[in-house]
Amino acid sequence: MALVLHTYKGNKNADKALIAAEYVGVKIDVPSDFAMGVTNKTPEFLKMNPMGKVPVLETPEGPVFESNAIARYVSRLNGENSLNGSSLIEYAHVEQWSDFSTLEIYGNILKWFGPRMGFMPYSAPGEEAAISALKRGLDALNTHLTSNTYLVGHSITLADIITVCNLNLGFATVMTKSFTSAFPHVERYFWTVINQPNFKKVVGDVKQTEAVPPIKKAGQPAKPKEEPKKKAAPAAEAPKVVEEEEEAPKPKAKNPLDLLPPSPMVLDEWKRLYSNTKSNFREVAIKGFWDMYDPEGYSLWFCDYKYNDENMVSFVTLNKVGGFLQRMDLARKYAFGKMLICGSEAPFKVKGLWLFRGPEIPKFIMDEVYDMELYEWTKADISDEAQKERVSQMIEDAEPFEGEALLDAKCFK
Amino acid sequence: NMVVKLFGQIKAGNPQRVLLCFLEKGIEFEVIHVDLNTFEQKKPEYLLRQPFGQVPAIEDGDLKLFESRAISRYYATKYADQGTDLLGKTLEQRAIVEQWMEVEANYFNVVVLPLVINIVFTPKFDVALVEELKVKLDKVLDVYENQLAMNRYLAGAEFSLADLTHMPGMRYIMNEAGLGSMITSRENVNRWWNEMSARPAWKKLMEMAAY
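What you are looking at is a predicted structure, and each value in this text was computed from that prediction instead of being measured. (Residues numbered from 1 in each chain as written. Chains lettered and ligands numbered in written order. Predicted model: local features only at pLDDT ≥ 70, side-chain atom pairs only at ≥ 80, totals over all residues. Heavy atoms only, no water.)

Some details on the side chain of Lys338 of chain A
Residue and element names in this part refer to chain A.
And step 1. Secondary-structure assignment places Lys338 in strand β6 (residues 335-342).
And step 2. Since its relative accessible area comes to 1%, Lys338 is described here as buried.
And step 3. In this structure the side chain of Lys338 is engaged in a polar contact, spanning 2.4 Å, whose partner is the side chain of Asp397.
And step 4. Excluding anything up to four places from it in sequence, Lys338 contacts Tyr274, Lys351, Gly352, Leu353, Met394, Ile395, Asp397, Lys410 and Cys411. (Helix = DSSP H or I, 4+ residues; strand = E, 2+ residues; numbered from the N terminus. Buried < 20%, exposed > 50% of the residue type's maximum accessible area, 1.4 Å probe, protein only. Polar contact = N/O pair within 3.5 Å; in protein donor to acceptor, adjacent residues only side chain to side chain. Contact = heavy atoms within 4.5 Å.)

Digging into the packing of aromatic side chains
And step 1. Per the stated rule, a full pass over the model turns up 36 aromatic pairs over all chains.
And step 2. Ring centres of Phe171 of chain A and Phe190 of chain A lie 3.9 Å apart, and the angle between their planes is 15°; on these two criteria the pair is classed as stacked. Taken as a pair, Phe171 of chain A in helix α6 (residues 158-173) and Phe190 of chain A in helix α8 (residues 184-194) lie far apart in primary sequence, 19 residues in all.
And step 3. The class of Phe171 of chain A is buried, set by a relative accessible area of 0%.
And step 4. For Phe190 of chain A, a relative accessible area of 0% corresponds to the buried category.
And step 5. The ring of Trp290 of chain A carries the charged tip of Lys388 of chain A above its face, separated from the ring centre by 4.9 Å.
And step 6. Note that Arg171 of chain B overlies the ring of Tyr172 of chain B, its terminal NZ or CZ placed 4.8 Å from the centroid. (Phe/Tyr/Trp six-rings, centres within 6.5 Å; stacked < 30°, edge-to-face > 60°. Lys NZ or Arg CZ within 6 Å of the ring centre and 35° of its normal.)

Considerations on the sheet that holds strand β7 (residues 349-357) of chain A
Residues and elements named next belong to chain A.
And step 1. Strand order across the open sheet formed by five strands is β8-β5-β7-β6-β9, with antiparallel pairing between neighbours. The sheet is open, and its two edges are formed by β8 (375-379) and β9 (406-412), each paired on a single side. Here the strands of the sheet are splayed against their neighbours by 15° on average, with no regard to which way each runs.
And step 2. Pairing of β6 with β7, which is carried by eight bridges, proceeds in the antiparallel orientation. Considered in β7, the bridge of Met339 is made with Gly352.
And step 3. Sitting on the sheet, helix α12 (residues 314-327) is in contact with β5 (298-305), β6, β7, β8 and β9, with an inclination near 10° to β9. (Pairing = 2+ DSSP bridges. Axes fitted to C-alpha atoms, helices over the stretch in contact; angles between N-to-C directions.)

Let's talk about the interface of chain B and chain A
And step 1. The interface of chain B with chain A comprises 13 residues on the first partner and 18 residues on the second.
And step 2. Overall, the association of chain B and chain A removes approximately 1,300 Å² of surface from exposure, summing both partners, and the carbon and sulfur fraction of that is 56%.
And step 3. The interface formed by chain B and chain A includes one salt bridge.
And step 4. For Arg188 of chain A, the salt bridge is made with Glu195 of chain B, and the minimal N-O distance between the two is 3.9 Å.
And step 5. Summed over the shared surface of chain B and chain A, the number is eight residue pairs in polar contact (both at pLDDT 80 or more).
And step 6. Of all the elements in the fold, those that place two or more residues in the side of chain B that touches chain A are α5 (127-150) and α9 (187-196) of chain B.
And step 7. Among the elements that take part in the side of chain B that touches chain A, α5 of chain B stands out by supplying six residues, more than any other.
And step 8. Looking at the side of chain B that touches chain A residue by residue, the classes come out as four nonpolar, two polar and seven charged. (Buried area = accessible area lost by both parts, 1.4 Å probe. Salt bridge = Lys/Arg side-chain N within 4 Å of Asp/Glu carboxyl O. Nonpolar A, V, L, I, M, F, W, Y, C, P; charged D, E, K, R; others polar.)

Listed below in structure tokens is the structure:
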């Protein structure tokens, strides 16, 4: 039986166990059908954690709750590693910093963030005390990190995983740059650790919040415990990040694309044809695409990244495009895209081809996905043979493309 | 007198590399001033120490060396157990330090040296060349920005000779060459420079140089 972690997507406490798993080389399944407020209220779930909180880890020998305990368990799987220090005193220091971080950092961030999100009653003196205590903790941390790159010893330990995940909650919700600039070593520590590959795999791209969330006025719908979690909003939207509860969803407007006249083209059929065609791609998939393409019900768009001169490092460029496609997740029902990263050396050029439902780029995509404005968008005129051929080439990853080698081609489907 | 003699000018970049190494390691030294303004380094007596007529050169008992990077490596190795550890604790870590030292020589210095010579020391410098060099330096600093996003210092968690070897050149960039914005516009490179230049050994060197 594999390890199963029950949590909503983007839970910074759940990240601790997942990052530890990357370090020790252990697989943890995270079921995508977890519904916050629903799954964790079932009798089966409450048997695993009577508090009904997340994350909870199911192991072959029974469940574990409390994110730090889960991370500790994971850190001891798979034999020797350095996550718990390499001596008794180092182990003590790992526990020291983990406890410190939970009480002094996480505890105070929660007291600042929670009332503003409506999870606890707001009081100005309460918030002031929490911020003051948080600053005291960050100051102590900053002093330690002045002469230490990591919390314990000379490499990542569980103390760093726990602390950085706790800091991530703060960075994402209430700790703006002007707040953290008073703790420059904490800043350096946070950014260099969260950019480590094993962290990045789990947390993705991290952005620091630009503002403290406003205080929810009394009477605002804040019945988070009863509401089922919506499809996960992209993690990049920092003010919406929720620790354990969920913002009451606004009454969901019907997507205008669902109200368009029906089209003979079914996007999922195209996606299936694209994915299943293993050979003779041009004769089977490309031909099939043009056979099923409905220019009334769909539109084709070319996009060009506006700042290609920034694309100096290959994996940074690929990450940028990957991030864009992650944020497009909300459009999956209505879009298909190919992003080509062109060139055999820096600066790399990012060029895309997108199929959207409807005659225009859907407004909700332009509103919700900030990457869209980083690209120049032009509608493809398929009566022009050259443009039609360009569409075909971009779907099939033709190489060379416009005279250049392809560094990579990413597909959104 | 058993103290190592360093021949050079304290305000000059390459001698600073060696001086900084001495200061980090707590190695006693004596500076024998070679006046670059009067081209003392091109005189026959000095050419015996450094055949290309450049500073620094050292004399330590019977040992005579030139090339600041070679001198720094020697002293960092000889005094491995004294002062700041500049080469890492394992052979593999040293390899990573050496890798970034090579980067300094082959990618960073090849651009920064002509930039500094043109901007700072040449009366009517080649404007097109300087612009071209700045573009190249931008590309190099982009690589550093990425490396320093994940690493506190170039070779990893600890300050090493790989970082130290950059400091004299970085100082010119931030000061006389007027290119500080190339550093301050890069969050991680900026952080790296701020941390390095706050080190006591660097502060002592700046005191000695008395700019």
